[in-house]
Amino acid sequence: MAEQRELVIAIDGPAGAGKSTVAQMVAQKLKYLYLDTGAMYRAVTYLVVKRGVNPDDEDAVTETARQADIELKCNVDGSGKPRVFVNGEEITDKIRTREISNLVSPLSAIASVRSILVDQQRKLAAGGKVVLDGRDIGTVVLPNADVKIFLTASSEERARRRLKDLEKLGEKADLQELLAEIEARDKRDSTRDVAPLKVADGGIVVDTDSLTIEQVVGKILDICSAKN
Ligand code: CDP
């Protein structure tokens, strides 16, 4: 078999489209590093809440982002659930609550917070052989990525998936409320001035509504093979 080229793979899309599950599985299959950039925005949000920082005070939030030493730990072979740490504290599950999900989007719209995290993401991805998921990977962070996927699904389907995720964490939620929260977050992420969520130039839209996770992963791996 011909030598496989080392790729940089960007997976963007709205909340609950399945980006993290799919990105993680693609990384595992290719033995690539997986970088969950949403977890970095969530980690800053966690620290803001924990320290009682006023989320409307952009300078204070930016200072918090600067002080956040974020570590994303995944096994070298990409297996297992990636763990997230901030300043040495494990926050893997603590950043998945509804409180954090609802606050992360306004904080992510602050340009100075983004520039701190985007710098870190570019450094982490510099070695190649990496899958990143987020909102602006193919548009802003790594516009020269070899593969750019825009993963999406209807908001109803995404709300149903999010409900299941929360139930696994032991959090009760109402489907209609979750749907409203997801649509509000999509709107905020897509209409913000800095790095809005949109399909990148050269991006391939993958609608996951009627596809299983395995089918989505297969599709992305096929797109990657075509690049080799
Ligand atoms: O898992 P889910 O799709 O719900 O969200 P996430 O990937 O954990 O990202 C949480 C939030 O962080 C998003 O709603 C965005 O506001 C923000 N985010 C961003 O602005 N840029 C990224 N590259 C990743 C996340």
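Refer to the preceding data block for the structure.
Residue positions are counted from 1 within each chain, in the order its sequence is given. Thresholds applied to this predicted model are a pLDDT of at least 70 for local features of residues and 80 or more for the giving and counting of side-chain atom pairs; totals over whole chains, interfaces and linings are not thresholded and use all residues. As a rule here, side-chain values cover all heavy atoms of the structure and leave hydrogens and water aside.

**Examining the site of the ligand**
As a reminder, the rule being used: Being near a molecule or strand, for a residue, comes down to having at least one heavy atom within 4 Å of it. Polar contacts here mean pairs of N or O atoms no more than 3.5 Å apart (in protein, one a potential hydrogen donor and the other a potential acceptor; neighbouring residues in sequence count only if both atoms are side-chain atoms). Note on areas: Shrake-Rupley, 1.4 Å probe, and residue coverage restricted to the protein chains presented here. Helix and strand definitions here come from DSSP, where helices need a minimum of 4 consecutive H or I residues and strands a minimum of 2 consecutive E residues; each element is numbered from the N-terminal end.
R42, R114, D136, R185 and D189 are the nearest of the 19 residues found near the ligand. At 2.6 Å, a side-chain N or O of R42 approaches an oxygen atom of the ligand. Residue R135 places a side-chain N or O atom 3.2 Å away from an oxygen atom belonging to the ligand. For the ligand, whose free accessible area comes to 530 Å², the fraction covered by protein is 97%. At the level of elements, helix 2 (37–51), helix 4 (98–108) and helix 8 (175–191) are the ones that each hand at least two residues to the shell around the ligand.

**Focus on the packing of aromatic side chains**
We count it as follows: Between the rings of Phe, Tyr and Trp (Trp by its six-membered ring), a pair exists once the centres lie within 6.5 Å; its type follows the angle of the planes, with under 30 degrees stacked, over 60 edge-to-face, and the other angles tilted. Charge-over-ring contacts are defined here by two conditions on Lys NZ or Arg CZ: a distance within 6 Å of the ring centre and an angle within 35 degrees of the ring normal.
The tally for this structure, following the rule as stated, stands at zero aromatic pairs. Residue placement shows K73 over the ring face of F85; its charged tip is 4.3 Å from the ring centre.

**What about unusual backbone geometry?**
As a reminder of what qualifies: A 1.4 Å probe rolled over the protein chains alone gives each residue an accessible area, and that area as a share of the maximum for its type sets the label: buried under 20%, exposed over 50%, partly exposed in between.
With a phi close to 60°, K31 is a non-glycine residue in the positive phi region. For K31, the location among the structural elements is in the loop between helix 1 (19–30) and strand 2 (33–36). Assessed through its relative accessible area of 56%, K31 is described here as exposed. Its identity is not glycine, yet A195 carries a phi of approximately 45°, on the positive side. Examined against the element boundaries, A195 turns out to sit in the loop between helix 8 and strand 8 (204–207). Under the relative-accessibility criterion, A195 is labelled buried at 12%.

**Examining the sheet that holds strand 1 (residues 8–12)**
By definition, the strands of a sheet pair up through backbone hydrogen bonds, in either a parallel or an antiparallel sense. What counts, and what does not: Should DSSP find at least two bridges between two strands, the strands are regarded as paired. To get an axis, a line is fitted to the C-alpha atoms, and for a helix only the part in contact is used. The angle between two axes follows their N-to-C directions and goes from 0 to 180 degrees. Contacts between residues were defined by any pair of non-hydrogen atoms, one from each residue, lying within 4.5 Å.
Read from one edge to the other, the open sheet built from five strands follows the order 2-6-1-7-8, with strand pairing classed as parallel. Two strands close off the open sheet at either side, each with one partner strand: strand 2 and strand 8. Shown here is a sheet whose adjacent strand axes are inclined to one another by a mean of 20°, direction ignored. Of the strand pairs in this sheet, strand 2 and strand 6 (residues 130–134) are connected by four bridges, and their pairing is parallel. When the bridges of strand 6 are listed, L35 appears paired with L132. Across the sheet, helix 1 lies against strand 1, strand 2, strand 6 and strand 7 (147–152), angled at about 180° from strand 6, the strand it touches most. This element, helix 2, spans strand 2 and strand 6 of the sheet and lies at about 40° to strand 2.

**With respect to the nonpolar core**
Rules: In these notes, a set of buried Ala, Val, Leu, Ile, Met, Phe, Trp, Tyr and Cys residues joined through side-chain atoms within 4.5 Å is what counts as a nonpolar core.
Counting residues in each nonpolar core, the largest one holds 35 residues, and the members touching the most others are I70, V86, L117, L132 and L142. Among the elements of the structure, strand 1, helix 2, helix 3 (58–67), strand 4 (83–86), helix 4, helix 5 (111–125), strand 6 and helix 6 (137–141) are those that each provide at least two residues to this core. Ranked by residue count, the leading element in this core is helix 2, at eight residues. Dropping the residues within four chain positions of it, L117 is found in contact with M40, Y41, V44 and I70. With 21 residues, the next largest nonpolar core counts I9, A17, V147 and L221 among its residues.

**Section: the pairing of strand 7**
Counting buried positions along strand 7 yields six of six residues, so the element is predominantly enclosed. Residues V147, I149 and L151 point to one face of strand 7 and K148, F150 and T152 to the other, with burial holding for every one of them. Across four bridges, strand 7 lies against strand 8 in parallel orientation. By the bridge assignment, T152 is partnered in strand 8 with D207.

**Some points on empty space enclosed by the protein**
Empty space among the atoms becomes visible once a probe the size of a water molecule is rolled across them. Under the convention used in this document: Any residue with an atom within 4 Å of a point lines the site, the site being either a cavity, points on a 1 Å grid over the protein atoms alone where a 1.4 Å probe fits but cannot get out, or a pocket, an open set with protein on both sides within 12 Å along at least 5 of 7 lines. Grid points are joined across faces, edges and corners, and a volume is the space filled by probe spheres set on the points.
Counted under the stated rule, the structure contains two cavities of 30 Å³ or more. Roughly 80 Å³ of internal volume is contained in the largest cavity. For the largest cavity, the full set of lining residues is R98, S101, N102, R162, L166, L178, E181, I182 and R185. Within the residue set of the lining of the largest cavity, elements represented by two or more residues are helix 4, helix 7 (155–168) and helix 8.

**Overview of the environment of I11**
Relative to the elements of secondary structure, I11 occurs in strand 1. Given a relative accessible area of 0%, I11 falls into the buried group. A sequence separation of 36 residues divides I11 from L47, and the C-alpha atoms of the two residues are 26 Å apart. Not counting chain neighbours up to four residues away, the residues in contact with I11 comprise K19, V22, A23, V131, L132, D133, G134, I149, L151 and I220.

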